[in-house]
Amino acid sequence: MTLNSHVPDGPLAEKWDKHRFGLKLVNPANKRKYEIIVVGTGLAGASAAASLAELGYSVKVFCIQDSPRRAHSIAAQGGINASKNYPNDGDSVYRLFYDTIKGGDYRAREANVYRLAQVSGQIIDQCVAQGVPFAREYSGHLANRSFGGAQVSRTFYARGQTGQQLLLGAYGALMRQVATGKVTLFPRSEMLELVVVNGQARGIVTRSLITGRIESHTAQAVVLATGGYGNVFYLSTNAKTCNVSASWRAHRKGAFFANPCFTQIHPTCIPVHGEYQSKLTLMSESLRNDGRVWVPSKADDTRSPESIPEGERDYFLERKYPSFGNLVPRDVASRNAKQVCDEGRGVGETKLAVYLDLRDAIQRIGRRTIEEKYGNLLQMYEKITGQDPYRVPMMIFPAVHYTMGGLWVDYNLMSNLPGLFVLGEANFSDHGANRLGASALMQGLADGYFILPYTIGGYLANASLPAVKVEQTEFKAAEKEAADRIQKLLAIRGKRTVDDIHRQLGLLMWDRCGMARSEKGLLHAKAKIPEIREDFWKNVTVTGTPGEFNQVLEHAGRLADFLEFAELLVEDALIRRESCGGHFREESQTPEGEALRDDDGFSHVAAWEFQGVGQAPVLHKEPLQFEYAKPSQRSYK
Amino acid sequence: MKAGMKFTLKVWRQKGSDAKGKLETYELRDISPDASFLEMLDVLNKQLILTGREPVAFDSDCREGICGTCCLVLNGQAHGPDEGTATCQLHMRRFKDGDTIHVEPWRAKAFPVVKDLVVDRSAFDRIIAAGGYVSVNTGSAPDANSILVPKQDSDLAMDAAACIGCGACVAACKNASAMLFVGAKVSQMALLPQGEPECSRRVLAMVQAMDKEGFGNCTNESECEAACPKEISVSNIARLNREFLRASLCAVEGKAGGEGA
Ligand SMILES: Cc1cc2nc3c(=O)[nH]c(=O)nc-3n(C[C@H](O)[C@H](O)[C@H](O)COP(=O)(O)OP(=O)(O)OC[C@H]3O[C@@H](n4cnc5c(N)ncnc54)[C@H](O)[C@@H]3O)c2cc1C
């Protein structure tokens, strides 16, 4: 099977317009006859569902949380990019496109990224019209700040709660459609299977998390907007319910999984402090606008930070990357933090931390201004650590944060399974091997508000979609599969908790497939994961019954999928024998320790086809062509 | 390593929404003062699971105070003793070694218990569906900077918009009133030019939906503000009352003028 990205011909800047014009339209009067399932109510899912309902489609929306407003997008802090060029500092669609392609270390599709940059401005317009209270200047105009990997100020923000405000805007739009009856909402419902009929995605099987009831839903198209899989590492900045299950279940039914090894480690998180720890907390990248990152120049320096004189501090990012300084992209900042800790210059109890110091900024612009910009973040820091970041430099360390990989989609955001569309963090699309800050929110909303509503129409208008019923065999078989898996989990009654096994998997992934990866480490992980999986199916204990609210059972189901998926992630990392973006192979580095790409060998998307648990998956390659942004060694010096 | 702490927990256990619930007592030792309250409950659940007992059901997701999922009443206080703090951001160092802590769910007619410490807050979604938005379709927005908003108004709107919809305001109120939740959304929109055209319709519809869900009346106790993890001010309730009054009057005039509201 060859992968066709369906990228339209013609000059980059005209592709999207031309493509939209070429898409067949669905007759407005017929739209309500089409049922569309949207799984997920984060920025991608909520914006898509609302926009589709506005167009007249009948939409069914599912999410795990008790309310669509609590999707994980709510936690995004720092901001959203758009090439508005309001500050007049030289931004443009082309520059945003270029920065994003380069930031992703030349492993994303040019046409997709250009389109993303093109619609970025409209996103801000839409959100402002919804009443999203973005930060403003005294003049009443919108304010901007800078994020890593860019030398222009193009990030829009709402204090440290940008994701919350954008999501509440999309949630409002969604609830407005619920009120009109065009959207039916199924909160606390988990998708357990995708149903494929005659090669087309035609429905899903869900479990009510309150009653345990398993049921089928039919549709003409299924949209997955189910977020990222960072929790395969157990400790991450993701919310507890983030999972790979929806994507993985679709993958098992034939959808290709692309670039699973492209995971992002965020440089500025609160360090790990105990074995009982359940998650890691991000300190937004925006803090690097004003915070300076440093460690003591000497190894094993146990002095308190304030007593270390200026000359004995190493502001290592500023030293090594004078033009971007503290605002280098995430992969570069994370790797450098690891490096100084490896040299024994880490700080704090565990020596696995570096300082992020606001002292100079407070002296320069005053505590009030700092409070206004980052107040809630700094308060959060103080609550967690019990230390006052206005007085003592913060301690930070990299943590798993975002996943660039995801289900493979074409230019229309459709997977290789006709009728299955994938949006937001769940797809692999626009960020290549490293996502720049403030671009996930942009991508989620671009997908949901401005891309899918067009492209799904093109599919529906062309496809032949005979009626399907929940009584037919494909649905019944999928329901049985889901129910059997649950029975099997409950029957084990072993001696280990789900959480315990999840931690074990996470630690292995972090050690062998985290910030630095080597052939040896990856082979170790590859051998070890099936053992953990086997132990899970023999020794896990899942309490309670299937027909009730059962959080242990929910977690067990998600972990079961992570235990299959982890193997694919490691396999992908193993065969990608180059360093690029967040994927750092120790065997492939420049003399200065920067990531060394191998464009001849690996300038492609790796899209994997499922062959069965424990069976070697089949690799399909989508070559990447760069006509405009010519690949070069990334330099932030 | 800091020394571990000991606690006695009295936790509300209830099988399902129709079942009768009661407090169960659990002893915990060796809890790190740096553990969060929810991590302490994770430790308890691990013990329960490994001894063949049902773990305590409680809701949480982001565990950094922004999703509004966690919702525990600790020693009678919604989200526990710290001001401006959701349960998930509360750490055990805040308690004394040997403390007894009562752990209960939100209690309100409009928030029925699902199981143990988990409640159903879908009433809030229905209130928002009634009008908690600007009715703008995708694609019809003008350039963002064509709508100027004075910084003071935008900041005030943001203060109100910071609501995480957790429902602590309802849980803390002796009347189980949702006025702070509704006031926050009505205020956000009323303070912004984008929200202005639908102001009257919005406030009337949201208040009507709120009453229908069975939330109580506001008697100005301000317990809601004290419990709110985002420190949303009761001045939003005053604004809600003003907006409601104005809209009600306009509605009467509107009807007289044949316009409707
Ligand atoms: C702490 C933090 C801060 C961040 N800050 C920023 C930032 O400042 N700027 C930026 O651009 N990006 C940021 N990001 C990244 C960004 O927030 C996410 O990538 C983005 O919000 C993902 O949106 P989404 O709609 O794809 O998925 P999500 O918001 O994760 O939503 C997933 C949805 O799918 C549902 N779901 C999942 N599985 C199932 C299933 N099996 N059945 C039913 N429903 C399911 C969930 O219930 C949820 O509704 C941040 C991320 C984190 C973790």
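Residues numbered from 1 in each chain as written. Chains lettered and ligands numbered in written order. Predicted model: local features only at pLDDT ≥ 70, side-chain atom pairs only at ≥ 80, totals over all residues. Heavy atoms only, no water.

## Details of the overall build of chain A
Inference 1: Along its length, chain A carries 16 helices and 19 strands.
Inference 2: Relative to the compact-globule value of 26 Å for 637 residues, chain A shows a C-alpha radius of gyration of 24 Å, a close match.
Inference 3: Seen through its C-alpha atoms, chain A measures out along the principal axes to roughly 75 × 60 × 50 Å.
Inference 4: In chain A, the share of contacts with a sequence separation of at least 24, taken over all contacts with a separation of at least 6, comes to 73%.
Inference 5: Within the structure as shown, chain A displays about 20900 Å² of accessible surface, and the carbon and sulfur contribution to it stands at 51%. (Helix = DSSP H or I, 4+ residues; strand = E, 2+ residues; numbered from the N terminus. Rg over C-alpha atoms; globule rule 2.2 N^0.38 Å. Contact = heavy atoms within 4.5 Å. Areas by Shrake-Rupley, 256 points an atom, 1.4 Å probe, with all protein chains shown as cover.)

## Focus on the packing of aromatic side chains
Given two aromatic rings, one states the distance between the centres and the angle between the planes to describe the pair.
Residue and element names in this part refer to chain A.
Inference 1: Taken as a whole and assessed by the stated rule, the structure comprises 26 aromatic pairs over all chains.
Inference 2: Ring centres of Tyr-229 and Phe-565 lie 4.6 Å apart, and the angle between their planes is 65°; on these two criteria the pair is classed as edge-to-face. Here Phe-565 lies in helix α15 (residues 551-575) and Tyr-229 lies in the loop between β9 (221-224) and α6 (245-252), a separation of 336 residues in the sequence. Of the two residues, Tyr-229 and Phe-565, both sit in the buried class.
Inference 3: Directly above the ring of Trp-294 sits Arg-313, whose terminal nitrogen or CZ lies 4.1 Å from the centroid.
Inference 4: Lying over the aromatic face of Tyr-390, Arg-367 brings its terminal NZ or CZ to 3.8 Å of the ring centre. (Phe/Tyr/Trp six-rings, centres within 6.5 Å; stacked < 30°, edge-to-face > 60°. Buried < 20%, exposed > 50% of the residue type's maximum accessible area, 1.4 Å probe, protein only. Lys NZ or Arg CZ within 6 Å of the ring centre and 35° of its normal.)

## Considerations on the site of the ligand
Inference 1: Gln-65, Ser-73, Gly-78, Met-191 and Glu-425 of chain A are the nearest of the 39 residues found near the ligand.
Inference 2: The environment around the ligand is built from residues contributed by chains A and B.
Inference 3: With respect to the ligand, the backbone of Gln-77 of chain A contributes an N or O atom lying 3.2 Å from a nitrogen atom.
Inference 4: Per-element accounting of the shell around the ligand gives the leading share, three residues, to strand β6 (residues 189-197) of chain A.
Inference 5: Grouping the amino acids of the shell around the ligand by side-chain chemistry returns 17 nonpolar, 18 polar and four charged. (Near = heavy atom within 4 Å. Polar contact = N/O pair within 3.5 Å; in protein donor to acceptor, adjacent residues only side chain to side chain. Nonpolar A, V, L, I, M, F, W, Y, C, P; charged D, E, K, R; others polar.)

## Let's talk about the domain arrangement of chain A
Residues and elements named next belong to chain A.
Inference 1: Domain annotation of chain A identifies domain 1 (267-399) and domain 2 (473-598).
Inference 2: Computed from C-alpha coordinates alone, the two centres of domain 1 and domain 2 are separated by 31 Å.
Inference 3: A buried area of about 850 Å², summed over both sides, lies between domain 1 and domain 2, and 52% of it is on carbon and sulfur atoms.
Inference 4: By the criterion of area lost to domain 2, the three top residues of domain 1 are Asp-331, Arg-335 and Lys-338, representing 51% of everything that side buries.
Inference 5: Where domain 1 touches domain 2, the interface holds zero salt bridges.
Inference 6: In this structure, the connection of domain 1 to domain 2 is made through five residue pairs in polar contact (both at pLDDT 80 or more).
Inference 7: Contributing elements (two or more residues each) for the side of domain 1 that touches domain 2: α8 (330-342) and β15 (394-403).
Inference 8: In terms of residue class, the side of domain 1 that touches domain 2 is made up of six nonpolar, three polar and four charged. (Domains from an automatic or database assignment. Buried area = accessible area lost by both parts, 1.4 Å probe. Salt bridge = Lys/Arg side-chain N within 4 Å of Asp/Glu carboxyl O.)

## Structural notes on the sheet that holds strand β5 (residues 100-105) of chain B
Residue and element names in this part refer to chain B.
Inference 1: Ordered by their spatial adjacency, five strands build an open sheet running β2-β1-β5-β3-β4, and the pairing between neighbours is mixed. The open sheet is flanked by β2 (22-31) and β4 (77-78), the only strands paired with a single partner.
Inference 2: Strand contacts of helix α1 (residues 37-50): β1 (5-13), β2, β3 (72-74) and β5, with the helix running at about 100° to β2, the strand carrying the most contacts. (Pairing = 2+ DSSP bridges. Axes fitted to C-alpha atoms, helices over the stretch in contact; angles between N-to-C directions.)

## Brief notes about the interface of chain A and chain B
Many authors give the size of an interface as the accessible area that is lost as the parts come together.
Inference 1: Counting from both sides, the interface comprises 74 residues of chain A and, opposite them, 76 residues of chain B.
Inference 2: Looking only at chain A, the three residues that lose the most surface to chain B are Arg-70, Tyr-276 and Lys-383 of chain A, adding up to 11% of its buried area.
Inference 3: Applying the counting criterion to the chain A and chain B interface returns eight salt bridges.
Inference 4: Asp-59 of chain B is the salt-bridge partner of Arg-188 of chain A, the closest N and O atoms lying 2.7 Å from each other.

## Some thoughts on the packing of helix α3 (residues 93-103) of chain A against helix α4 (residues 110-129) of chain A
Residues and elements named next belong to chain A.
Inference 1: At a closest axis distance of 8 Å, the pairing of α3 and α4 adopts a crossing angle of 135°. The angle between α3 and α4 places the two elements in the oblique class. Judged by the twist between their axes, the crossing of α3 over α4 is right-handed. For the pair formed by α3 and α4, the contact residues are Val-93, Tyr-94, Leu-96, Phe-97, Thr-100 and Ile-101 on the first element and Glu-110, Val-113, Tyr-114, Ala-117, Gln-118 and Ser-120 on the second.
Inference 2: Taken together, the residues of the contact of α3 with α4 break down into eight nonpolar, three polar and one charged. (Parallel < 35°, antiparallel > 145°, perpendicular 65-115°, else oblique. Left-handed = near helix turned anticlockwise from the far one by under 90°.)

## Regarding a nonpolar patch on the surface
Residues and elements named next belong to chain A.
Inference 1: Taken together, the side chains of Tyr-94, Tyr-98 and Tyr-628 define a hydrophobic patch exposed on the protein surface, amounting to about 260 Å² of accessible area.
Inference 2: Looking at the secondary structure, you find Tyr-98 in helix α3.
Inference 3: Taking relative accessible area as the criterion, Tyr-98 reaches 32% and is therefore assigned partly exposed. (Patch = residues over 30% accessible without salt bridge, like charges linked within 9 Å, V, L, I, M, F, W, Y side chains within 5 Å.)

## Quick word on the pattern of salt bridges
Residues and elements named next belong to chain A.
Inference 1: Across all of its chains, the model carries 72 salt bridges over all chains by this definition.
Inference 2: As a salt-bridge pair, Arg-503 and Asp-499 come within 3.4 Å of each other at their nearest N and O atoms. Residue Arg-503 and its partner Asp-499 are located together in helix α13 (residues 498-513), separated by four residues, close to a single helical turn.
Inference 3: For Arg-503, a relative accessible area of 22% corresponds to the partly exposed category.
Inference 4: Because the salt bridges share partners, they merge into one network encompassing Asp-105, Arg-107, Asp-331, Arg-576, Glu-578, Arg-597, Asp-599 and Arg-634.

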